[in-house]
Amino acid sequence: MVNKKSFLEEKVSICLDHEGFNQKPDKKEVVRISERIAGQNSTVTIKELMDSVTLPDAKSFTPATFVNAKRLNQNWKSQQIFALDIDSGLRIEEAIGLSAKWRVEPTFIYSTFSHTDKNHKFRMVFVLDEEIHDLRIRNVIQTALTTLFPTSDKNANDAARVLFGGKKIEFLNKGVVSVPEILDGVVRKIKSGSNSTREMKNFCKASGLAFYKGYPHYKKFEEIELPSDWSNLFISKTKNRTNTINYYSTRAENSHLNYYLVFSKDSKQDHEYFSYETKSFEEQEVKQVRNFPFDNLQKRCKLYREGILGDYWLYHNEMFGLMTNLLNVEGGKSKIVEIINSRKEYLEKQDEWSLMMNQIKKMNYAPTRCNTYCPFANECIHATNMIEQGKLPRGSVQVIEEPQFQDVDEVYKKLENVLGDLLKSTENGVYVIKAPTGIGKTEAIVNFAAENHFSVAFPTHKLKEEVSQRLTSKRIKHIKVPELPLLEKPFSEKIEHLYNIGAYRTVNKYLRQIANDNEDVSIFLEDLEKVKTSKNELLLTTHQRAIFTNDDSNSTVIFDEDPIQSLFPISQMKVSDLIFAFTKLQDNEVNKDVIITFQNMILNAPFDIVQERSSFLLPSVKDLEQTIVEERTISSNVLGFLNCDYFLKMRIHNTDYIYFITSVA
């Protein structure tokens, strides 16, 4: 949120001398000011600062604060105010015009004591939207401002500089600037001139920034992972900043973004080992989204719709946000051109916006989030960014309508009424009751179980046992499908192998074989038989057993939780297992021709396309099961595949697999 108090009430820290002057201090006075000013730390409002440095007070100040109360460059501590001295070559109105052109406007300008109508002498004062505590960043800002206004005094740029008071405020702009905005202005200025590559390198050398793909290496970002232990990378996150001021000269009032700056290898200006390029940090490439539905975006995004129709004037940060999204979509660049052509007033911005497009692409900007730049962000239910607003990524969820909340007790009462009506109904059918998680669906089932006989299928044995305990605590009679007991390793491994290859009949035979010597298995089979013969009793079972067995214990079956995964279980089979099985099956001359034809059909099937399994007159799976079971080298569901109707062949890590839905029949 933008601070609602007056901009001029915002406070900044400086060193402000206690003595005022009505003319420029003489040499002796300058010495006294210089010796004492570093110990005169002051926190003042912007209004107090303007009043203090102009008549009748006209006090001297340093934009920086210092440690140990000594005014030395090496004692620099922090800074939020930056200033430029203009003594010749530029009039005040020209400076204001240039600052608007480069989009880096001073907060105020005051005339110095030497100023006349003929010879303009003044000081441009910039208030940053954050307090700077890194001397490297301070030097980058000062170098950038000097680059934007080259007629400024080059001797007044050191970190410990004392600035004298002056006559009066000549210009006031109730706004602040940010580090990225200042650097954007530098790029804008250099790219508008000749020999831009050479000048960009010169700026990087002077500021210490790395030179990356033709630009100073800096970037605004939202949420990305960055190396935190790399000394050449300066990261500024909004949550870590001090004394932030969120006032903007345009109506866009969103908080400024995080940003980072990458310095050259030594990060020392004018050092003999300075390197323009840095190999230590590379921007991650953002892949373009293909087949993007721009029609959907136009329906769902007001900013895009009104922007492309020319109905809404796009400010700089709004155009930046649009570009970071559209340039990450195939065909998005042409849509940006449409937006630029939608209003004739945009034509004068064409060069500037072309430059911005080029910089966004070279620096691999990710799509900007809607809530950081869109003026309509609070008017619609939007996705994370503009791309997701038009095409939601697979696996993502977008809320398109605010949820309507109801009292928990009221919802539970509705659930009881619906469930009660269905249990009383004599009509056959499948009914789906949709209710929130944790509302009490299982409790409602337990409560109705006291007076009704039905089967309840749970996704796991664990849930089945939990409900069984609740029924027992209420003394409600019921029976439950038993769970296969834990067996010793040789037995459990064989059973697991049989399940994996789809040999369910063989599993039953094997259990009966070992039941004679294993009491737990014997009890399991007895309990299973009781379930099969039960009629009109409350039965607790599992999704798998309820779907894959012909259980007619009750006329009503309630599935607790969604049974879709059990209804359509996706199985996997190695093609090599199938070929090995077919090799064994070809030993029977009766089936040989059919098996070979079937095998060729599988081998020649294209990858990644759903295929129908041709209904060759294969022997029944029951007849083939014994042959496949005997081969321990087969480890995937070959028998299940022989029962399926459709399949998909895929190659994963140089191994061919077949995926299919196991037939319930």
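Residues numbered from 1 in each chain as written. Predicted model: local features only at pLDDT ≥ 70, side-chain atom pairs only at ≥ 80, totals over all residues. Heavy atoms only, no water.

1. A closer look at the overall build of the protein
This is how the line gets drawn: Helix and strand assignments come from DSSP, with helices taken as H or I runs of at least 4 residues and strands as E runs of at least 2, each series counted from the N terminus. With C-alpha atoms as the basis for the radius of gyration, the globule rule is written as 2.2 Å multiplied by the number of residues raised to the power 0.38. The contact criterion used throughout is that any non-hydrogen atoms of two residues lie within 4.5 Å. The Shrake-Rupley method, run with a 1.4 Å probe sphere, supplies the accessible areas, and residue values consider only the shown protein chains as cover.
Within the protein one finds 24 helices and 21 strands. The C-alpha atoms of the protein give 38 Å as radius of gyration, which overshoots the globular expectation for 665 residues (26 Å, by more than 25%). Here the C-alpha coordinates of the protein stretch approximately 115 × 60 × 55 Å along the principal axes. For the protein, long-range pairs separated by at least 24 residues make up 72% of all intrachain contacts whose partners lie at least 6 apart in sequence. If you sum the accessible surface of the protein, you get close to 35,900 Å²; carbon and sulfur atoms cover 47% of it.

2. Focus: the sheet that holds strand E5 (residues 76-86)
Short version of the rule: At least two bridges found by DSSP between two strands is the condition for calling them paired. Axis angles are defined between N-to-C directions and span 0 to 180 degrees, where every axis is a line fitted to C-alpha atoms and, for a helix, only to the segment in contact.
The five strands lie next to each other as E4-E5-E7-E6-E8, forming an open sheet whose pairing is antiparallel. Strands at the two margins of the open sheet, each flanked by one partner only, are strand E4 (64-66) and strand E8 (169-172). For this sheet, the mean inter-axis angle between neighbouring strands, taken without regard to orientation, is 25 degrees. As defined by bridge partners, strand E6 (residues 108-111) adjoins strand E7 (residues 122-132) across four bridges and the pair is classed as antiparallel.

3. Some thoughts on the environment of Pro216
You can see Pro216 is positioned in strand E10 (residues 215-216). Between the C-alpha atom of Pro216 and that of Ser264, which follows or precedes it by 48 residues, the distance is 10.0 Å. Dropping the residues within four chain positions of it, Pro216 is found in contact with Val187, Met200, Phe203, Cys204, Leu209 and Ala210.

4. Considerations on the nonpolar core
For clarity, the cut-off: The definition of a nonpolar core used throughout is a set of buried Ala, Val, Leu, Ile, Met, Phe, Trp, Tyr and Cys residues joined through side-chain atoms within 4.5 Å. The rule is simple: take the accessible area with a 1.4 Å probe, protein chains only, and divide by the maximum for that residue type; under 20% is buried, over 50% is exposed, in between is partly exposed.
Counting residues in each nonpolar core, the largest one holds 53 residues, and the members touching the most others are Met124, Phe126, Ile141, Leu145, Val179, Leu183 and Leu261. Residue assignment for this core shows that the elements contributing at least two residues are E4, E5, helix H3 (92-102), E7, helix H4 (135-148), helix H5 (179-191), helix H6 (196-207) and strand E13 (258-262). Once residues within four sequence positions are removed from consideration, Leu145 is found in contact with Phe82, Leu84, Val104, Phe126 and Ile182. Ala515, Ile628, Leu639 and Phe660 belong to the second-largest nonpolar core, a separate cluster that totals 38 residues.

5. A word on the sheet that holds strand E14 (residues 455-458)
Read across the open sheet, the four strands follow the order E15-E16-E14-E17; overall the sheet is parallel. Of all the strands in the sheet, the pair left with one neighbour each is strand E15 (479-480) and strand E17 (557-559). Summarising the sheet, E14 and strand E16 (residues 539-542) pair through four bridges and their orientation is parallel. Within the sheet, the bridge partner assigned to Val456 lies in E16 and is Leu540. This element, helix H15 (residues 461-473), spans E14, E15 and E16 of the sheet and lies at about 165 degrees to E16.

6. Some remarks on the side chain of Asn328
Stated formally: Any pair of N or O atoms that falls within 3.5 Å is considered a polar contact. Within protein, one atom must be able to donate a hydrogen and the other to accept it, and sequence-neighbouring residues count only if both atoms are side-chain atoms.
Along the polypeptide, Asn328 turns up in the loop between helix H9 (316-326) and helix H10 (332-341). A residue is classified by how much of its surface remains accessible, and Asn328, at 6% relative accessible area, is buried. Within the structure, the side chain of Asn328 is placed 2.5 Å from the backbone oxygen of Thr324, a separation counted as a polar contact. Excluding anything up to four places from it in sequence, Asn328 contacts Val286, Lys287, Gln288, Val289, Tyr365, Ala366, Pro367 and Ile387.

7. Quick word on the environment of Val125
One can find Val125 in strand E7. For Val125, a relative accessible area of 0% puts it in the buried group. Separated by 226 residues in the primary sequence, Val125 and Asp351 place their C-alpha atoms 28 Å from one another. Contacts of Val125, omitting those with residues within four sequence positions, involve Ile81, Phe82, Ala83, Pro106, Thr107, Phe108 and Tyr110.

8. Structural notes on unusual backbone geometry
The omega angle of the peptide bond from Leu55 to Pro56 is 15 degrees, so this bond is cis rather than trans. The topology assignment puts Pro56 in the loop between helix H2 (46-52) and strand E3 (59-62). Positioned with a positive phi, Asn243 is a non-glycine residue whose angle comes to about 50 degrees. Overall, Asn243 belongs to the partly exposed group, its relative accessible area being 32%. The backbone of Asp608 shows a phi angle near 65 degrees, a positive value even though the residue is not glycine. Along the chain, Asp608 turns up in the loop between helix H22 (592-603) and strand E19 (610-612).

9. Things to note about the side chain of His543
By the secondary structure assignment, His543 is in helix H19 (residues 543-548). Leaving out residues up to four positions away in the same chain, His543 has contacts with Ala457, Phe458, Pro459, Phe559, Asp560, Glu561, Asp562, Pro563 and Ser566.

10. Some words on the confidence of the model for the protein
Threshold: pLDDT runs from 0 to 100 and stands for how confident the predictor is about each residue.
Mean pLDDT over the protein stands at 88; residues scoring 70 or higher make up 91%. Here residues 249-255 is a poorly scored stretch, pLDDT under 50, and it has 18 contacts once near neighbours within four places are set aside; other chains count. Every residue in residues 268-279 is under pLDDT 50, and counting partners more than four places away or in other chains gives 31 contacts.

11. What to know about a nonpolar patch on the surface
Quick note on the threshold: Patch members must show over 30% relative accessible area and no salt bridge, and they are joined within 9 Å when carrying like charges or within 5 Å when they are nonpolar side chains of Val, Leu, Ile, Met, Phe, Trp or Tyr. Every case where a carboxyl oxygen of Asp or Glu lies within 4 Å of a side-chain nitrogen of Lys or Arg is listed as a salt bridge.
Taken together, the side chains of Ile564, Leu567, Phe568, Ile570 and Ile661 present a nonpolar region at the surface, about 460 Å² in accessible area. Here Ile570 is to be found in strand E18 (residues 570-574). We classify Ile570 as exposed; its relative accessible area is 65%.

12. Overview of the pairing of strand E20 (residues 646-652)
Judged from the three bridges that link them, E19 and E20 form a sheet pairing that is antiparallel. Bridge pairing in E20 links Glu612 to Tyr646. With six bridges connecting them, E20 and strand E21 (residues 655-661) associate as antiparallel partners. Residue Arg651 lies in a different strand from E21, and its bridge partner there is Asp656.

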